[in-house]
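An overview of the molecular structure
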Amino acid sequence: MKDFFTLEEIDEVALVIKAKTRHNPKIGLILGSGLGDLANSVENADIISYGDLPYWPNSTVHGHAGKLVIGNLENKSLIVMQGRAHYYEGFSMAEIGLPVRVMQRLGVEIIIVTNAAGAINQDYLPGDIMFISDHIALIGMTGNNPLRGPNLDELGPRFPDMSQAYDKILLEKAISIAKKNKIKPYSGVYVSLSGPSFETPADLRFMRVIGADAVGMSTVPEVIVAVHGGTRVLGISGISNKANLDGSTITTHEEVLEAGRIIVPKLTKVIKGLLAEL
């Protein structure tokens, strides 16, 4: 486990990817649990296994294929992460942030980050989509910030501002596209925990009080790294289960994957529509 990557190590990974693809992606897409099928829409794809890349964290979680898919979608060149690594798997925050760093060195300017999330807002139902307007970095507040360690001045400042982590223009475009496709466009606050245990009802009630609408075990570390490096971000949560504020239901990973089958067609419409307008 590495707690810090040098710029030379990040560039080493980027060079390996460049040697394995014909494309020059400007848009990155990170797909969360059960959402990997969206990568099947990419055309003229070059596919790279995470295991073929130095330092790259390879997820052990079912529903994360562990592949980079680099190609075209809506006449835009993009790099798709078909699955991601998580802190609860034993990876360091630096390892979780490495793929975003590599994308930045490849010239990616926009990252669309997706996840499967549990509902805290009681209006949300499984299969709904929530566009992330802001986040609560509970995992980062406790010291597990992906920017911990020596700052890479070539990529960003020591103390980056996070007041506008999610790009407002991208958010407005995505909401408009969802409405055109008759997809109810919820917008809310995502809170990131370490996992892997799902939340207790008391946890959920606490997070509701502090202003969260959905909860998950990813995304925020990647977004912090992206914003530090000046990359524009759109965040989308696919709601995988109802709010269990009273302890009356049981949450399972199988439920999360099943909800993904409903969410992927909606995500595909929104992301294709957004790419077409960029």
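Residues numbered from 1 in each chain as written. Predicted model: local features only at pLDDT ≥ 70, side-chain atom pairs only at ≥ 80, totals over all residues. Heavy atoms only, no water.

**Thoughts on the pairing of strand 9 (residues 232-241)**
Burial analysis of strand 9 places nine of its ten residues in the buried class, the great majority of the element. With nine bridges joining them, strand 5 (residues 110-119) and strand 9 adopt parallel strand pairing. Note on strand 9: the bridge partner recorded for Ala116 is Gly238. In the sheet, strand 6 (residues 129-136) pairs with strand 9 via three bridges, with the strands oriented antiparallel. (Buried < 20%, exposed > 50% of the residue type's maximum accessible area, 1.4 Å probe, protein only. Helix = DSSP H or I, 4+ residues; strand = E, 2+ residues; numbered from the N terminus. Pairing = 2+ DSSP bridges.)

**Topic: the packing of aromatic side chains**
According to the stated counting rule, one finds three aromatic pairs in the structure shown. Ring centres 5.6 Å apart and planes at 40° place the aromatic pair Tyr50 and Trp56 in the tilted group. We classify Trp56 as buried; its relative accessible area is 7%. (Phe/Tyr/Trp six-rings, centres within 6.5 Å; stacked < 30°, edge-to-face > 60°.)

**Here we look at the side chain of Asn151**
Residue placement: Asn151 occurs in the loop between helix 3 (138-141) and helix 4 (168-180). For Asn151, a relative accessible area of 17% corresponds to the buried category. Here Asp153 takes part through its side chain, which lies 2.7 Å from a polar atom of the side chain of Asn151. In this structure the side chain of Asn151 is engaged in a polar contact, spanning 2.9 Å, whose partner is the backbone oxygen of Gly156. Those residues in contact with Asn151, other than ones at most four positions away along the chain, are Gly156, Pro157, Arg158 and His228. (Polar contact = N/O pair within 3.5 Å; in protein donor to acceptor, adjacent residues only side chain to side chain. Contact = heavy atoms within 4.5 Å.)

**Focus: the nonpolar core**
Core analysis: the biggest nonpolar cluster contains 46 residues, and Ile17, Trp56, Leu68, Val102, Ile111 and Met130 have the highest contact counts within it. If near-sequence neighbours (up to four positions away) are discounted, Met130 is found in contact with Tyr124, Tyr186, Ser187, Gly188, Val189, Tyr190, Asp213, Ala214, Gly235, Ile236, Ser237 and Ile239. Within the second largest apolar cluster, 32 residues are counted, among which are Leu29, Ile177, Val264 and Leu275. (Core = buried A, V, L, I, M, F, W, Y, C linked by side-chain atoms within 4.5 Å.)

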